[in-house]
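# Report on the structure
The chain contents come next:
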Amino acid sequence: MTKLKSNSPLIEKDLAYNWHPFTQMKHHETHPPIPIKRTDGCYLIDMDNNRYLDTISSWWCTIHGHNHPAIVHALSTQAKTMCHTLYAGTTHQPVADLSEKLVAITPKGLNRVFYTDNGSTAIEMALKCSVAYFKRKGYSQKNRFVSLEHGYHGDTLGCMSVSHVSEFNQEFSALATPAIKIPVPIECNKPDQLNMNGFITYCANVFSGFLKSNNNEVAALVVEPLLQAAGGFRMYPPQFLDMLGNLCTNYNVHLIVDEVATGFGRTGRHFAVDHVPNLSPDFLCLSKGLTSGTLPLAATLTTQKIYDAFYDDSKSNMFAHGHTYCANPLGCAVALATLSLFETDRTLDHVAKLSAMLDRKHDQFNAIHGVLNTRQLGSIFAMTIPSLPSIHTELCARGRSAGFWLRPLGDTLYFMPPLSIPVKTYEHLVDTVAEILTDILPT
Ligand SMILES: Cc1ncc(COP(=O)(O)O)c(C=O)c1O
């Protein structure tokens, strides 16, 4: 039984029975989890009615704010008629409507939607489908993957194999063959002897060099477009993604784009791939913002060409893959409401305002001793603070006293609040955190 300094029955019960994700549970002996009673818009509210601004959108999901009335309405309306039906041998209106919408707003050529229920399973589907496609086309040796250094694609075995090997997943490396990793042109890692264009070309050449001799073994390249979120909010230019896309086409390798974190307006466009005109991914993986943080749902979009490879009189040629909650009607109804809000609330126009405000904040952080590499993409703002691990606890405690729920990642501090956050509220968060950092970072 966990020893605990707490007089909250909820915390005690939670820690008596539960095991939290990505958590050293012993740490909770001295730092118990915060019991959240309810959520409201951009806020998490604890049992004592303290309100905390959700600066990371509850793991990057919430787009329109918690409990948005239109989404709650869609959920309760759908729940009255149908909560669930298996999605094999049946269909339903919410899934047909949602797929039509997703096909309309994603890049041209993506016109088939396969549903799963979280980001990892959206990627797993793409990995398996890519290999199965090539097998059907006579390329059965094409069963390796290439991915970007510092990428993160989830925690299932396939996803770990295409993710960066880190202290968290190293112990499982014998279970999944790691993908070939290629370098990423991140501004702050640029070698002195290269300019940024040279660095981009160098990284693309590593990929093309590998493909020249190994493309007959490679099924797909898997990338997070423009932003490697869990890898430390590393941002790379659209030009690099464009080059990778062209190389994939030239070498008959699929491009799997993981928009699990970047999708749904975060980067200022609907999808990060929209920053690269004419990019044609073979798979586009969506989750998180798809339901604005309301229900677990994921979708992997792919092309007619890939779909057709499985379309046959023979059952054995089908794509033999699926999950119990594929295309859950509640999730689909909520996703439809989420997409409608982009239009009624003019969400992307609002993100442009958030982005303009953040654009003015770089100097303020760069002036703080110990803060490096401020960076921004749409509504996302991040910085590197090498000494962050040593000030983590104090920073989060000071943040909470000021009404902010912060969750730094290693030496990276970032803000990724719901897109519905008012500009003034976001500005207050940024200014207050700058003050806290000035106060607690050693000079
Ligand atoms: C880019 C990316 N892909 C995949 C995943 C995995 O998603 P999930 O945690 O829903 O399995 C994440 C999770 O953070 C992610 O950021």
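Residues numbered from 1 in each chain as written. Predicted model: local features only at pLDDT ≥ 70, side-chain atom pairs only at ≥ 80, totals over all residues. Heavy atoms only, no water.

Moving on, we get to the pairing of strand S7 (residues 218-223). Within S7, six of the six residues are buried, which leaves the element mostly enclosed by the surrounding structure. Here strand S5 (residues 144-148) runs beside S7; their pairing, made up of four bridges, is parallel. Looking at S7, one finds that Arg-144 is bridged to Val-218. Both S7 and strand S10 (residues 254-258) contribute to a ladder of four bridges, which runs parallel. By the bridge assignment, Ala-220 is partnered in S10 with His-254. (Buried < 20%, exposed > 50% of the residue type's maximum accessible area, 1.4 Å probe, protein only. Helix = DSSP H or I, 4+ residues; strand = E, 2+ residues; numbered from the N terminus. Pairing = 2+ DSSP bridges.)

A few words now on the sheet that holds strand S3 (residues 51-54). Sheet architecture is open: four strands sit in the order S1-S2-S3-S15, paired in mixed fashion. Looking at which strands have only one partner, the edges of the open sheet turn out to be strand S1 (36-40) and strand S15 (404-405). Sheet topology places strand S2 (residues 43-46) next to S3; three bridges connect them, and they run antiparallel. Residue Leu-44 lies in a different strand from S3, and its bridge partner there is Tyr-52.

Strand order in the open sheet formed by three strands is S13-S14-S16, with antiparallel pairing between adjacent strands. Each edge of the open sheet carries a strand with a single partner, namely strand S13 (372-377) and strand S16 (412-415). Across the sheet, the axes of successive neighbouring strands diverge by a mean angle of 15°, strand direction being ignored. As paired strands, S13 and strand S14 (residues 380-384) are joined by four bridges and run antiparallel to one another. Bridging across to S14, Gln-376 finds its partner in Phe-381. Where helix H14 (residues 423-440) meets the sheet, it contacts S14 and S16, and its direction lies at approximately 160° from that of S16. (Axes fitted to C-alpha atoms, helices over the stretch in contact; angles between N-to-C directions. Contact = heavy atoms within 4.5 Å.)

Now for the site of the ligand. Every residue near the ligand is listed here: Trp-60, Asn-118, Gly-119, Ser-120, Tyr-152, His-153, Gly-154, Glu-224, Asp-258, Val-260, Ala-261 and Lys-288. In this structure, Asn-118 approaches the ligand through a side-chain N or O atom, which is 3.3 Å from an oxygen atom. Here Gly-119 contributes a backbone N or O atom positioned 2.9 Å from an oxygen atom of the ligand. Across the complex, the protein chains shield 83% of the 390 Å² of accessible surface that the ligand would expose by itself. Tallied by class, the residues present in the shell around the ligand amount to four nonpolar, five polar and three charged. (Near = heavy atom within 4 Å. Polar contact = N/O pair within 3.5 Å; in protein donor to acceptor, adjacent residues only side chain to side chain. Areas by Shrake-Rupley, 256 points an atom, 1.4 Å probe, with all protein chains shown as cover. Nonpolar A, V, L, I, M, F, W, Y, C, P; charged D, E, K, R; others polar.)

A complete count under the given rule lists zero disulfides for this structure. Note on Cys-61: no disulfide assigned, nearest cysteine sulfur contributed by Cys-42 at a separation of 14 Å. Cys-159 takes part in no disulfide bond, and the closest cysteine sulfur to it belongs to Cys-285, at a distance of 8.6 Å. (Disulfide = S-S within 2.5 Å.)

The subject of this paragraph is the domain arrangement of the protein chain. Parsing the protein chain into structural domains produces domain 1 (34-64 + 346-440) and domain 2 (69-344). Taken over both partners, the interface formed by domain 1 and domain 2 buries close to 2200 Å², and the fraction arising from carbon and sulfur atoms is 67%. Between the two partners, domain 1 and domain 2, sit zero salt bridges. Across the contact surface, domain 1 and domain 2 share 16 residue pairs in polar contact (both at pLDDT 80 or more). Listed by contribution, the elements that provide at least two residues to the side of domain 1 that touches domain 2 are helix H2 (57-60), helix H11 (347-359), S13, S14 and S16. Residue contributions to the side of domain 1 that touches domain 2 peak at four residues, all from S13. When its residues are assigned to classes, the side of domain 1 that touches domain 2 shows 15 nonpolar, nine polar and two charged. (Domains from an automatic or database assignment. Buried area = accessible area lost by both parts, 1.4 Å probe. Salt bridge = Lys/Arg side-chain N within 4 Å of Asp/Glu carboxyl O.)

Let's shift gears to the packing of helix H7 (residues 196-214) against helix H8 (residues 238-250). The N-to-C vectors of H7 and H8 enclose an angle of 20°; their axes lie 10 Å apart at closest approach. One element, H7, and the other, H8, form an angle in the roughly parallel class. Our pair here, H7 against H8, has a crossing hand that is right-handed. Each of Asn-197, Ile-200, Thr-201, Cys-203, Ala-204, Phe-207, Ser-208 and Leu-211 in H7 lies in contact with H8, whose residues at this interface are Gln-239, Phe-240, Met-243, Leu-244, Leu-247 and Cys-248. (Parallel < 35°, antiparallel > 145°, perpendicular 65-115°, else oblique. Left-handed = near helix turned anticlockwise from the far one by under 90°.)

As a further point, take the pairing of strand S12 (residues 298-303). Across the six residues of S12, six count as buried, placing the element largely inside the fold. Alternating positions in S12 separate into two faces, Ala-298, Thr-300 and Thr-302 on one and Ala-299, Leu-301 and Thr-303 on the other, with burial throughout. Both strand S4 (residues 110-116) and S12 contribute to a ladder of six bridges, which runs antiparallel. Residue pairing in the sheet places Leu-110 in a bridge with Thr-303 of S12.

Turning our eyes to something else, we now look at the packing of aromatic side chains. The full count for this structure, using the stated rule, is 13 aromatic pairs. When the centroid spacing of 6.2 Å and the interplanar angle of 80° are considered together, the rings of Trp-60 and Tyr-414 count as edge-to-face. Taken together, the positions of Trp-60 in helix H2 and Tyr-414 in strand S16 put the pair 354 residues apart, joining distant regions of the chain. The exposure classification of Trp-60 matches that of Tyr-414, with both residues buried. Judged by centre distance (6.0 Å) and plane angle (90°), the rings of Phe-134 and Tyr-139 are edge-to-face. Taking relative accessible area as the criterion, Phe-134 reaches 0% and is therefore assigned buried. A cation over an aromatic ring shows up here: Arg-51 above the ring of Tyr-43, its NZ or CZ 4.7 Å from the ring centre. (Phe/Tyr/Trp six-rings, centres within 6.5 Å; stacked < 30°, edge-to-face > 60°. Lys NZ or Arg CZ within 6 Å of the ring centre and 35° of its normal.)

Next up on the list: the pattern of salt bridges. Charged atoms that come close allow side chains of opposite charge to pair. By the definition in use, this model includes eight salt bridges. Residues Arg-144 and Glu-217 are paired through a salt bridge, measuring 2.7 Å at the closest nitrogen-oxygen approach. Taken together, the positions of Arg-144 in strand S5 and Glu-217 in the loop between H7 and S7 put the pair 73 residues apart, joining distant regions of the chain. Among the residues examined, Arg-144 registers a relative accessible area of 31% and is labelled partly exposed. We note a salt bridge from Lys-361 to Asp-431, for which the minimum N-O separation is 3.0 Å. Of the two residues, Lys-361 is situated in the loop between H11 and helix H12 (362-366) and Asp-431 in helix H14; the sequence distance between them amounts to 70 residues. You can call Lys-361 buried: its relative accessible area is 7%. In this structure Asp-431 comes out as partly exposed when scored by relative accessible area, which is 23%. Through salt bridges with shared partners, one network takes in Lys-361, Glu-427 and Asp-431.

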